[in-house]
Amino acid sequence: MSGLKFCANLSWLFTDLPDFSHRISAAAAAGFQAVEAGWLFDSDLPELQRAREAAGVELVLINTPPGNVRAGDLGLGAVPGREVDFRLGLDLTLKYAKALNCKRIHLMAGRIPVDSHRQTVAQEMENVFVQNLKYAADVLSKEGITGLIEPINTRITDPRYFLDSPHQAAAILEKVGKPNIKLQMDLFHWQIMDGNLTQNIHKYFPIIGHVQVAQVPCRNEPDSDGELNYSYLFNMLENLGYKGYIGCEYKPLESTEKGLGWIKQYQTHRAL
């Protein structure tokens, strides 16, 4: 049985370096063979290409644009009236993904509109999301790219985010019915919203297309103090046959490099 593979999330790690090109190099120097990021759109694309090729790392995942952050946007996939903006953002993301040979795109759902109640707008937002995901699936399938949807917890991180549980996401994916749109499992968010990780991972494993990790509740390294037993969770993912990368999307307690001991411990344990 092969071991798990980890990739550095450059929106969270190596943030002492000002630009993503340098973070790519730093991740490679730290031993990562792959990286992921939230949004790269403020970075020069040719420079990112040069940095990635020079470092010899794979870019595993990027997100669609958040929209107008100052106006409160955090993704547009489920937001009524923003369908054109979502498609334009998808086009931009696809441009970066193709240039950087990235095969996964997180299609961000977005937030409940201000002054709206979740129950009142939930069905309309789900309908918009399903239609946008079907559109995205057709666009991405032509490029061999997988689209992902990620539940984000509404108890700590973002109270207004529309997609907030694996159960809601799975129901939406069933309505979309496209094999190249899958579930992004961030164990930090799943634990906060629903817990019951053993059962949920087993239940939804067939539709999981990417995994991310951080400790709960403070979102630090997986081996920091917290609720989650990552030795158990990693062993479960191995036994289930997970072959993709696991994104390290956490806030280092000190420097990124000082906090990478947990990966070395995992690799040492695997070698014994």
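Residues numbered from 1 in each chain as written. Predicted model: local features only at pLDDT ≥ 70, side-chain atom pairs only at ≥ 80, totals over all residues. Heavy atoms only, no water.

Draft legend 1. Expanded view of the overall build of the protein. Broken down by element type, the protein carries nine helices and eight strands. Relative to the 2.2 N^0.38 estimate, which gives 19 Å for 272 residues, the radius of gyration of the protein is 18 Å and therefore close to what a compact globule would have. Taking the principal axes of the C-alpha coordinates as reference, the protein spans close to 50 × 45 × 35 Å. Buried residues in the protein amount to 55% of all 272 residues. Within the protein, residue pairs in contact and separated by at least 24 positions form 76% of the contacts whose partners lie at least 6 positions apart. Here the protein displays about 12,400 Å² of accessible surface, and carbon together with sulfur accounts for 50% of that area. Taking the average place of the 27 positive charges on the side chains of the protein and the average place of its 31 negative ones, the gap between the two points comes to 5 Å. (Helix = DSSP H or I, 4+ residues; strand = E, 2+ residues; numbered from the N terminus. Rg over C-alpha atoms; globule rule 2.2 N^0.38 Å. Buried < 20%, exposed > 50% of the residue type's maximum accessible area, 1.4 Å probe, protein only. Contact = heavy atoms within 4.5 Å. Areas by Shrake-Rupley, 256 points an atom, 1.4 Å probe, with all protein chains shown as cover. Lys, Arg positive; Asp, Glu negative; His and termini not counted. Charge placed at Lys NZ, Arg CZ, Asp CG, Glu CD.)

Draft legend 2. Expanded view of empty space enclosed by the protein. For the structure on display, the rule yields two cavities of 30 Å³ or more. Every residue along the wall of the largest cavity is listed here: L10, I24, V35, A37, L40, L48, R52, L59 and L100. For the lining of the largest cavity, the residue count by class is eight nonpolar, no polar and one charged. By volume, the second largest cavity is sized at about 40 Å³. In terms of lining residues, the second largest cavity is bounded by T64, P65, L76, D85, F86, G89 and L90. (1 Å grid on protein atoms, 1.4 Å probe; cavity = no way out; pocket = protein on both sides within 12 Å on 5 of 7 lines; lining within 4 Å. Points joined across faces, edges and corners; volume = space filled by probe spheres on them. Nonpolar A, V, L, I, M, F, W, Y, C, P; charged D, E, K, R; others polar.)

Draft legend 3. Summary view of the environment of L237. Looking at the element boundaries, L237 is found in helix 8 (residues 230-240). Along the chain, L237 and V128 lie 109 residues apart, while their C-alpha atoms are 33 Å from each other. In this structure, L237 is in contact with L4, M185, I201, F205, V211, Y242 and I246, ignoring residues within four places of it in sequence.

Draft legend 4. Structural context of the pattern of salt bridges. Following the criterion strictly, the structure yields twelve salt bridges and no others. The partner of D164 in a salt bridge is R118, and the shortest N-O contact between them spans 4.0 Å. Of this pair, D164 sits in the loop between strand 5 (146-149) and helix 5 (166-176) while R118 sits in helix 4 (residues 118-141), placing them 46 residues apart in sequence. Across the pair E254 and K258 runs a salt bridge, and its minimum N-O distance is 3.6 Å. No difference in accessibility class separates E254 from K258, as the two residues are exposed. Among the charged side chains, a salt-bridge network with shared partners connects D73, R82 and D85. (Salt bridge = Lys/Arg side-chain N within 4 Å of Asp/Glu carboxyl O.)

Draft legend 5. Fine view of the side chain of E221. Here E221 is to be found in the loop between strand 7 (208-213) and helix 8. Buried and without a salt bridge, E221 has K251 as its closest oppositely charged side chain, separated by 9.5 Å. A distance of 3.2 Å separates the side chain of E221 from the backbone nitrogen of L253, its partner in a polar contact. For E221, the contacting residues outside a window of four places in its chain are Q215, Y250, K251, P252, L253, G259 and W262. (Polar contact = N/O pair within 3.5 Å; in protein donor to acceptor, adjacent residues only side chain to side chain.)

Draft legend 6. Focus on the UniProt feature "domain: Xylose isomerase-like TIM barrel" (unreviewed entry) in the protein. Mapped onto this numbering, the UniProt entry gives "domain: Xylose isomerase-like TIM barrel" (unreviewed entry) at residues 25-265. The span residues 25-265 carries 41% helix and 13% strand; its end-to-end C-alpha distance comes to 23 Å. (UniProt positions renumbered as here; feature names shortened; annotations may be inferred.)

Draft legend 7. Layout of the UniProt feature "active site" (unreviewed entry) in the protein. Mapped onto this numbering, the UniProt entry annotates "active site" (unreviewed entry) at E150 and E249. The largest pairwise C-alpha distance within this set of annotated residues, which runs over 100 residues, is 13.1 Å, so the set is compact in three dimensions. Here E150 lies in the loop between strand 5 and helix 5. In contact with E150, other than residues within four places in its own chain, are H106, Y161, L163, Q184, D186, H189, Q212 and E249. As for its position among the elements, E249 is in the loop between strand 8 (245-248) and helix 9 (261-271). According to the relative accessible area criterion, E249 is buried, its value standing at 11%. Residues contacting E249, with those up to four places away along its chain left out, are N9, W12, E36, E150, D186, Q212, V213, A214 and R219. Engagement of the side chain of E249 in a polar contact is seen with the side chain of N9, the distance being 3.4 Å.

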